[in-house]
Amino acid sequence: MRALYGACTSALLTTTVTRQSSLFSASKLQPCQRLRGGAISAKGGMAVATADDQRLKKGIAEFYDESSGVWENIWGEHMHHGFYDPDAVVQISDHRSAQIRMIEQALHFASVPEDSQKKPRSIVDVGCGIGGSSRYLSRKYGAECYGITLSPVQAKRANDLAAAKGLANKVSFEVADALNQPFPDGKFDLVWSMESGEHMPDKLKFVSELARVAAPGGTIIIVTWCHRDLSPSEESLRPDEKRLLDKICDAFYLPAWCSTSDYVNLLESLSLQDIKSADWSENVAPFWPAVIRSALTWEGLTSLLQSGWKTIRGALVMPLMIEGFNKGVIKFSIITCRKPE
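Just so it is clear, the structure is predicted and the values come from calculations on it, not from any experiment. (Residues numbered from 1 in each chain as written. Predicted model: local features only at pLDDT ≥ 70, side-chain atom pairs only at ≥ 80, totals over all residues. Heavy atoms only, no water.)

Novice: Describe the overall build of the protein, and please don't skip the residues or the numbers.
Specialist: Looking only at helices and strands, the protein features 13 helices and seven strands. Across the 341 residues that make up the protein, the buried fraction comes to 55%. Considering only contacts in the protein between residues 6 or more positions apart, those separated by 24 or more positions represent 78%. Of the roughly 14500 Å² that the protein leaves accessible, carbon and sulfur atoms contribute 53%. (Helix = DSSP H or I, 4+ residues; strand = E, 2+ residues; numbered from the N terminus. Buried < 20%, exposed > 50% of the residue type's maximum accessible area, 1.4 Å probe, protein only. Contact = heavy atoms within 4.5 Å. Areas by Shrake-Rupley, 256 points an atom, 1.4 Å probe, with all protein chains shown as cover.)

Novice: Tell me what's going on with helix 8 (residues 239-252), and back it up with residues and numbers.
Specialist: For helix 8, spanning 14 residues, the distance from its first C-alpha to its last is 20 Å, which sits close to the expected 20 Å at 1.5 Å a residue. Within the span of helix 8, buried status applies to Glu241, Leu244, Leu245, Asp246, Ile248, Cys249, Asp250, Ala251 and Phe252. The positive-phi residue at the C-terminal boundary of helix 8 is Tyr253, with phi of around 60°. (Expected span 1.5 Å × (residues − 1).)

Novice: Could you give me a rundown of the sheet that holds strand 2 (residues 144-149), with the residues and numbers involved?
Specialist: With mixed pairing, seven strands are arranged side by side in an open sheet as 3-2-1-4-5-7-6. Since the sheet does not close on itself, it has two edges, and those belong to strand 3 (171-175) and strand 6 (273-279), each with one partner. Averaged over all neighbouring strand pairs, the angle between strand axes comes to 15°, with direction disregarded. Both strand 6 and strand 7 (residues 330-338) contribute to a ladder of five bridges, which runs antiparallel. Bridge assignment links Ser277 to a residue of strand 7, and that residue is Ile335. Those strands touched by helix 4 (residues 95-109) are strand 4 (188-194), strand 5 (214-227), strand 6 and strand 7, and its axis lies near 130° from that of strand 4. Here helix 6 (residues 152-164) sits on the sheet in contact with strand 2 and strand 3, set at roughly 165° to strand 3. (Pairing = 2+ DSSP bridges. Axes fitted to C-alpha atoms, helices over the stretch in contact; angles between N-to-C directions.)

Novice: Explain the side chain of Lys57 residue by residue, including any values.
Specialist: For Lys57, the position within the fold is in helix 3 (residues 50-75). Relative accessible area serves as the criterion here: at 17%, Lys57 is assigned to the buried category. Setting aside residues no more than four positions away along its own chain, Lys57 makes contact with Leu150 and Asp177.

Novice: Provide a residue-level description of helix 11 (residues 298-307), including the pertinent values.
Specialist: Turning to helix 11, its buried residues number three or more, namely Gly300, Leu301, Thr302, Ser303, Leu304 and Ser307. Positive backbone phi, approximately 130°, marks Gly308, located one or two places after helix 11.

Novice: I'd like to hear about the packing of aromatic side chains, residue by residue, with values.
Specialist: Enumeration over the complete set of coordinates arrives at 16 aromatic pairs. When the centroid spacing of 5.3 Å and the interplanar angle of 20° are considered together, the rings of Trp71 and Trp75 count as stacked. Here Trp75 and Trp71 lie together in helix 3, a separation of four residues that amounts to about one turn. Each member of the pair, Trp71 as well as Trp75, is classed as buried. The structure contains a cluster of three or more aromatic residues connected by ring pairs, namely Phe63, Tyr64, Trp71, Trp75, Trp225, Phe252, Tyr253, Trp257, Phe287 and Trp288. Directly above the aromatic system of Tyr141 lies the positively charged group of Lys140, at a separation of 5.6 Å from the ring centroid. Taking the ring centre of Phe109 as reference, the NZ or CZ of Lys276 above it sits at 4.5 Å. (Phe/Tyr/Trp six-rings, centres within 6.5 Å; stacked < 30°, edge-to-face > 60°. Lys NZ or Arg CZ within 6 Å of the ring centre and 35° of its normal.)

Pasting the structure below:
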């Protein structure tokens, strides 16, 4: 029975992807009527209309309400890519340590100080998931950390885990909008966004809020999915590239994608300093194949089928993420900067 169940579900995961476009266009579960497949510029964020914005936020919250428990059961408390050596042969047991390595590599790239006099003492985790990064950073630096998410399920679970690990006096989580953060200006020494930028419908507003809550001299770290940079002769992605990204957007509740260069331009427009970026696509290459393998285990399959349609739909497009990386359309990027003193 288990073998038949696994074979049927594996076939579902591997064959349904080819029919995603017609499936989603016919579905009434479309997250929003998005400005699809486009890029943004530093002159103005590409924002969806207010009603669509609210539908997008609702879809994101419900997606993570459904899927976070599945992810935690299989992959643990860190809801982001791992960092691997290029072309490394990795085992399933390597992936959780690779997620910690991703955090450390991001901190190193941004030159976040560890000196007792200069290390961050206040941190915000924008798009915190169930709080894995927040708790890690709080322990590492002895800092107070505040996490925000659109998902009530994530916020509650993150607070429960903080209490269970003796960090309730240092780390707290709440439901809040990254585009309208509930914090005063200049509050945080470190502003951390690990794979949440791709959900933001207005990238200019997103980075403006990150800059607003950063303290003078504070560090901003954005690790996010981007599309490839356009060549000087291009005005947009090719139609086939847009179609691929649109299918992923519909499943993961994403608005229009932007490029790493778009982020850099936006940060420059805000007069932020020490702006750096890097393409870490090769370093995350083992991640999505590993996620698919874990989804096809007995535990993964049963969790998926019990979680709900939104989670299943996300699982169905995971092979498209691999296709996007392999074709060079999707880039896994880090962008860091510092707020002027």
